[in-house]
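A closer look at the structure
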Amino acid sequence: MKTSRLLRPWAIASLFFLAASFLGSHAWALTAGQTYTVTIEKLTSSGAVTSGTTTLGLSATATADAAGKLSFSIAGIPNNSSCNFLVVTIADSTGVAARRSIVPCPDVGKTLPLGVSGVTDKQTGALLAAFASAGTDDPVLAVFGFAIVRSTGMTTSDLTVLANACNQGINASGGFLSYLSSNGVTAAQLAAYRTNIVSRLADPDIGFSKSFKESVDVASSSDSTLEAAKRGEASGKLLKMLVQAATTAGIAQDRVLEAFNAMGSVVMPILNAARTAGTLSAASLQTVNSSIGGGMQKLTADRTVEIYTQALATLGGSASDQAIFTSAATTLGNAMTAAFANFDKVFTGTETAAQVQAAQTTQNTAMEAAFSAFMTNTAAANSRVTTMISNIE
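Below is a summary of the structure that appears in this document.

The rules behind the values
Residues numbered from 1 in each chain as written. Predicted model: local features only at pLDDT ≥ 70, side-chain atom pairs only at ≥ 80, totals over all residues. Heavy atoms only, no water. Disulfide = S-S within 2.5 Å. Helix = DSSP H or I, 4+ residues; strand = E, 2+ residues; numbered from the N terminus. Buried < 20%, exposed > 50% of the residue type's maximum accessible area, 1.4 Å probe, protein only. Axes fitted to C-alpha atoms, helices over the stretch in contact; angles between N-to-C directions. Parallel < 35°, antiparallel > 145°, perpendicular 65-115°, else oblique. Contact = heavy atoms within 4.5 Å. Nonpolar A, V, L, I, M, F, W, Y, C, P; charged D, E, K, R; others polar. Pairing = 2+ DSSP bridges. Left-handed = near helix turned anticlockwise from the far one by under 90°. Phe/Tyr/Trp six-rings, centres within 6.5 Å; stacked < 30°, edge-to-face > 60°. Core = buried A, V, L, I, M, F, W, Y, C linked by side-chain atoms within 4.5 Å.

What to know about the state of the cysteines
- Under the defined criterion, the tally for this structure stands at 1 disulfide.
- A disulfide bridge connects C83 with C105, and the sulfur atoms are separated by 2.3 Å. Because the sign of the S-S torsion sets the handedness, a value of about -110° for the bond joining C83 and C105 places this disulfide among the left-handed ones. Remark: C105 occurs in the loop between β9 (97-104) and β10 (112-116) and C83 occurs in the loop between β7 (70-75) and β8 (85-91); sequence separation between them is 22 residues. Note on accessibility: C83 and C105 belong to one class, buried.

A short note on the environment of A219
- Checked against the element boundaries, A219 lands in the loop between α6 (208-217) and α7 (225-248).
- A relative accessible area of 27% means that A219 is categorised as partly exposed.
- Considered as a pair, A219 and S117 are 102 residues apart in the sequence and their alpha carbons are 9.7 Å apart.

A look at the packing of helix α10 (residues 319-343) against helix α11 (residues 353-377)
- Running from N to C, α10 and α11 point in directions that differ by 175°, and their axes come no closer than 9 Å. In this view, α10 runs roughly antiparallel relative to α11, as classed from their interaxial angle. Where α10 approaches α11, its residues I324, F325, A328, A329, L332, A335, M336, A339, F340, N342 and F343 are matched on the opposing element by V356, A359, Q360, T362, Q363, A366, M367, A370, F371, F374 and N377.
- Here the contact of α10 with α11 is composed, by residue class, of 17 nonpolar, 5 polar and no charged.

Comments concerning the sheet that holds β8
- Here 4 strands make up an open sheet; going across it, the order is β6-β5-β8-β9 and the pairing antiparallel. The sheet is open, and its two borders are formed by β6 (58-63) and β9, each paired with just one other strand. When the angles between neighbouring strand axes are averaged without regard to direction, this sheet yields 20°.
- Here strand β5 (residues 35-43) runs beside β6; their pairing, made up of 6 bridges, is antiparallel. Note on β6: the bridge partner recorded for T37 is T61.

Re the packing of helix α2 (residues 139-148) against helix α3 (residues 156-171)
- Where α2 meets α3, the axes come as close as 10 Å, and the angle between the chain directions of the two elements is 140°. On the basis of the axis angle, α2 is oblique to α3. Handedness of the crossing formed by α2 with α3: right-handed. Facing α2, whose interface residues are V140, L141, F144, G145 and I148, α3 presents L162, C166, N167, I170 and N171.

Description of the side chain of R303
- Along the chain, R303 turns up in helix α9 (residues 282-315).
- When neighbours within four sequence positions are excluded, R303 is seen to be in contact with Q253, D254, L257 and Q310.

Here's the deal with the packing of aromatic side chains
- All chains considered together, the criterion is met by 9 aromatic pairs.
- Here F85 and F131 contribute two aromatic rings whose centre-to-centre distance is 6.0 Å and whose plane-to-plane angle is 35°, an arrangement assigned as tilted. Here the residue F85 occupies a position in strand β8, and F131 occupies one in helix α1 (residues 118-134), the gap between them amounting to 46 residues.
- Since its relative accessible area comes to 0%, F85 is described here as buried.
- You can call F131 buried: its relative accessible area is 0%.
- Each ring, one from F343 and one from F347, has its centre 5.4 Å from the other, and the planes form 90°; the classification is edge-to-face.
- Exposure remark for F343: the relative accessible area of 2% places this residue in the buried category.
- A relative accessible area of 6% means that F347 is categorised as buried.

A few points about the nonpolar core
- Among the nonpolar cores identified, the biggest contains 59 residues, and F144, F176, Y193, L201, L242, F260 and L271 are the most heavily contacted of them.
- Discounting residues that sit within four places of it in the chain, L271 has contacts with V161, L162, A165, L280, L285 and V288.
- Among the nonpolar cores identified, the runner-up in size contains 18 residues, and I74, C83, C105 and L112 belong to it.

Looking at the environment of E227
- With respect to the secondary-structure elements, E227 resides in helix α7.
- Note on E227: relative accessible area 8%, which makes it buried.
- Along the primary structure E227 and D344 are separated by 117 residues, whereas in three dimensions their C-alpha atoms are 9.1 Å apart.

Concerning the pairing of β9
- Strand direction decides the pairing type here: β8 and β9, joined by 7 bridges, are antiparallel. When the bridges of β9 are listed, V87 appears paired with I102.
- In this antiparallel pair of consecutive strands, β8 and β9, the connection spans 5 residues, and G95 shows a positive phi of 90°.

Some thoughts on the pairing of β5
- The pairing of β5 with β8 spans 7 bridges and is classified as antiparallel. Looking at the pairing, T39 lines up with T89 of β8.

As structure tokens, then:
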């Protein structure tokens, strides 16, 4: 089953407007004629999902048409002034959940495109366990969960290990948040950082949710690589969003990159011990290594582009220099996106550790070649470099 939706905090369809928000949705590849119930709940600040006396009471029923398409709308969806994440559940007529997804709450007055698939179902399982264990709805934790849970082949045992690793890597002493707090980042900055992350994930134009919706939109039973490629594009945005969100919170991006390394020193012993104990599969361990490794390589390239941009402005680069740089940066970005899109094609649900490693090698080679081309294409002639230096002497 594949599901794709558009969240609008101000309207129902295009017929009339409401002060309340709503969820308009389309679901593909459901059982024709089957009635489904869609429920929306909120993830609380303590990491629990609203239910019982705290339930949002938001649900809708709809019947899949002959093409297996399900359409619905729900009024009253909260925006991110009151929550960070929503939990979407689609259940069949027997009450069994067919798919779930954790999605960022939209900014006030903005739409939220989102998609639900087998991969989001696995991500939801891991993240709900991690949130409950941490007692928080921390967006930083969510990003890492989205980044490392990439395959429908991950087992319950795998997801349990990854949930614990995410929690410990973010919250344990010496982990991501501990490192930032120990290196001058204030509580107010961290609060702003978390808010910025949610907004970036939910951005209706360039956010992670939009790209994931696109993966569902192109899904085809005859070619699974179409969906996988779009998932890869979405995943390629995650760690960059985590770094860029720091800037608007007044946190140095390089400090966040350092915190990644601190997190790794906490997470990797947990994962290696789980692999030794047999509670984490070789394929899932390799998926984490490859996903984070590829993400860090892309972050290094992204950061270099940003530094080049700043330096070119400071040094007084000519219009010609600016044009050359912009062209080279665009080419690099497209190549990096293509590398991530190709990498995710390995996640068929039956992938092996060797296959994931081979896919990472291909990804690394592609990204290294792209970055090398970028450096060559942006190399200024000696005379121009001399002129630039003289401008700041």
